[in-house]
Amino acid sequence: MRPDVAPFHDPATGTWSYVVSDPATRVAAIIDPVLDFDAKSARTTHASTQKLLDHVQANALDVRWLLETHAHADHLSDAQWLLERFPGATLGIGSGIAQTQKSFAPVFGFGADVAVDGSQFGRLFDSGDRFALGEIEVDVIAAPGHTADCVAYRIGDALFCGDTLFMPDAGTARTDFPNADAATLYRTIQAFYALPDDTRVFVCHDYGPNGRAVAGETTIGAQKRENVHLRAETSEAEYVALRQARDATLPMPALILQSLQVNLRGGVLPSPSDNGVRYLRIPLDRI
Ligand SMILES: [Fe+2]
């Protein structure tokens, strides 16, 4: 089964969001929506998500699922704004989110009002879980390595791989966050490489390296032949050495502190203070 996939690229963070739908029933899922956040002014807007919404409305889609591939550290999720518009939809993420919440709760000083059991989400997926997108089956594949809560969604012939594989010329996701592990990511990707070569792969980010136009779609076959970090013949030891050497050179993502404290709450912004203003907290010397 071949779902319709509408890709939307956010140039500010390099994130790909997707509206995936079953052409037979028009049932749809929205994957990884981005809340626009201006780092200089801390102003939030919904222009990126409005484009997704316009697509949904123009095609009369029936949005039943809002899916996060993981708690992102580079952009804020706009899932809550979409939930207000699609109150019948279910917000899903991997069950490993509880582990990520527990890891970061002390960093952000979360109090008892911030649950660390994943209960902010409507559905916590384990590997092997299945659900229907109209007449198309969705398989959830645990995808640890980058974070504990990473999952991939295999929807018909399309794999939404989250932060695991990037486009072949951009390699793979970093493995230096809490609960991350290069050997684990290698095994996650090996499971992807066992899928049919013509499986469409939709990545979570692209920054247009070396001046090429941004791209988000490739195939398992192309990844196995061309991925600059991990080809079909790359050994685990080779990959781990390459990944760890590269991770040692990477700065923290620009919005990690702002993103995580929102995304770990399912995209719910912190409650307003007594003066009516919402505040994010910036922990010193913890990341
Ligand atoms: Fe990520």
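The model shown is predicted, which means the values in this text are computed figures rather than measured ones.

Draft legend 1. Seen up close, the overall build of the chain. In terms of regular secondary structure, the chain is built from seven helices and 15 strands. For 287 residues, the compact-globule estimate of 2.2 N^0.38 gives 19 Å, and the C-alpha radius of gyration of the chain, at 18 Å, lies within 12% of that figure. Principal-axis analysis of the C-alpha atoms gives the chain an extent of 60 × 45 × 35 Å. Within the chain, the proportion of its 287 residues that are buried is 54%.

Draft legend 2. Structural view of the packing of helix α4 (residues 182-193) against helix α6 (residues 236-247). Packing of α4 against α6 leaves a shortest axis separation of 9 Å and a crossing angle of 125 degrees. Comparing the axis directions of α4 and α6 gives the class oblique. The way α4 lies across α6 gives a crossing that is right-handed. Each of Ala182, Ala183, Leu185, Tyr186 and Arg187 in α4 lies in contact with α6, whose residues at this interface are Glu236, Tyr239, Val240, Arg243 and Gln244. A breakdown of the residues in the contact of α4 with α6 according to their chemical character gives six nonpolar, one polar and three charged.

Draft legend 3. Quick peek at the UniProt feature "domain: Metallo-beta-lactamase" (unreviewed entry) in the chain. Under the UniProt annotation, "domain: Metallo-beta-lactamase" (unreviewed entry) lies at residues 14-205. Taken end to end, residues 14-205 comprises 22% helix and 30% strand; its first and last C-alpha atoms sit 5 Å apart.

Draft legend 4. Here's a closer look at the packing of aromatic side chains. One pass over the structure, following the stated rule, counts eleven aromatic pairs. Following the ring pairs from residue to residue traces out a cluster consisting of Trp16, Tyr18, Phe160 and Phe202. Geometry around Trp81 places Arg85 over its ring, the cationic atom sitting 3.7 Å from the centre.

Draft legend 5. Representation of the coordination of the iron ion. Bound to the iron ion on the protein side are His70 (NE2), His146 (NE2) and Asp163 (OD), at distances that span 2.0 to 2.4 Å. Within one chain, the residues serving as donors to the iron ion are arranged as H-x75-H-x16-D. Of this pair, His70 sits in the loop between β6 (62-67) and β7 (76-77) while Asp163 sits in the loop between β13 (158-160) and α4, and the two are 93 residues apart along the sequence.

Draft legend 6. Up close: the sheet that holds β13. Pairing in this open sheet of six strands is mixed, and the strands run β10-β11-β12-β13-β14-β15 from one edge to the other. In the strand order of this sheet, the two ends are held by β10 (130-133) and β15 (217-219), each with one partner. Across this sheet, the average inter-strand angle for adjacent strands is 30 degrees, counted without regard to direction.

Draft legend 7. Seen up close, the nonpolar core. In terms of nonpolar packing, the biggest core is built from 43 residues, with Tyr153, Ile155, Phe160 and Phe192 touching the most fellow members. Residue contributions to this core peak at seven residues, all from α4. Look past the residues within four positions of Phe192 in its chain and what remains in contact with it is Ile141, Ala143, Ala152, Leu159, Cys161, Thr164, Leu165 and Ile220. If you look at the next biggest cluster of nonpolar residues, it comprises 35 residues, including Val56, Val63, Trp81 and Leu82.

Draft legend 8. Broad picture of the pairing of β6. As defined by bridge partners, strand β3 (residues 27-31) adjoins β6 across five bridges and the pair is classed as parallel. Paired with Ile31 across the bridge in β6 is Leu67.

Draft legend 9. Inspection of the environment of Arg26 at higher detail. If you trace the backbone, Arg26 turns up in the loop between β2 (15-21) and β3. On the basis of relative accessibility, which here comes to 42%, the residue Arg26 falls in the partly exposed class. Spatially, the C-alpha atom of Arg26 lies 9.0 Å from that of Leu133, the residues being 107 residues apart in sequence. Arg26 has contacts with Asn59, Ala60, Leu61 and Asp62, leaving out every residue within four places of it along the chain. Polar side-chain contacts of Arg26 include one of 2.7 Å to the backbone oxygen of Asn59.

Draft legend 10. The arrangement of the sheet that holds β2 in detail. Overall, mixed pairing links the six strands, which are arranged β1-β2-β3-β6-β8-β9 in an open sheet. Because the sheet does not close on itself, it has two edges, and the strands there are β1 (4-10) and β9 (123-125). Across the sheet, the mean angle from the axis of one strand to that of its neighbour is 25 degrees, orientation sign disregarded. Along the sheet, helix α1 (residues 47-58) makes contact with β1, β2, β3 and β6, crossing β1 at roughly 160 degrees.

Draft legend 11. Local environment of the environment of Ser119. Relative to the helices and strands, Ser119 is located in the loop between α3 (97-108) and β9. For the pair Ser119 and Ile97, spaced 22 residues apart in sequence, the C-alpha separation works out to 9.6 Å. In terms of polar contacts, Ser119 uses its side chain to reach the side chain of Asp117, at 2.6 Å.

Draft legend 12. Broad picture of α3. The end-to-end C-alpha distance of α3 is 16 Å, a good match for the 16 Å that twelve residues give at a rise of 1.5 Å each. Burial in α3 covers these residues: Ile97, Ala98, Thr100, Gln101, Phe104, Ala105, Val107 and Phe108. Along the axis of α3, the buried positions cluster into a sector of 165 degrees, meaning they face one direction only. On its buried side, α3 packs onto β8 (90-94), β9 and α7 (256-263).

Conventions we followed
- Residues numbered from 1 in each chain as written.
- Predicted model: local features only at pLDDT ≥ 70, side-chain atom pairs only at ≥ 80, totals over all residues.
- Heavy atoms only, no water.
- Helix = DSSP H or I, 4+ residues; strand = E, 2+ residues; numbered from the N terminus.
- Rg over C-alpha atoms; globule rule 2.2 N^0.38 Å.
- Buried < 20%, exposed > 50% of the residue type's maximum accessible area, 1.4 Å probe, protein only.
- Axes fitted to C-alpha atoms, helices over the stretch in contact; angles between N-to-C directions.
- Parallel < 35°, antiparallel > 145°, perpendicular 65-115°, else oblique.
- Left-handed = near helix turned anticlockwise from the far one by under 90°.
- Contact = heavy atoms within 4.5 Å.
- Nonpolar A, V, L, I, M, F, W, Y, C, P; charged D, E, K, R; others polar.
- UniProt positions renumbered as here; feature names shortened; annotations may be inferred.
- Phe/Tyr/Trp six-rings, centres within 6.5 Å; stacked < 30°, edge-to-face > 60°.
- Lys NZ or Arg CZ within 6 Å of the ring centre and 35° of its normal.
- Donors = N, O, S within 2.8 Å, 3.2 Å for Na, K, Ca; no water.
- Pairing = 2+ DSSP bridges.
- Core = buried A, V, L, I, M, F, W, Y, C linked by side-chain atoms within 4.5 Å.
- Polar contact = N/O pair within 3.5 Å; in protein donor to acceptor, adjacent residues only side chain to side chain.
- Expected span 1.5 Å × (residues − 1).
- Arc of directions from axis to C-beta.

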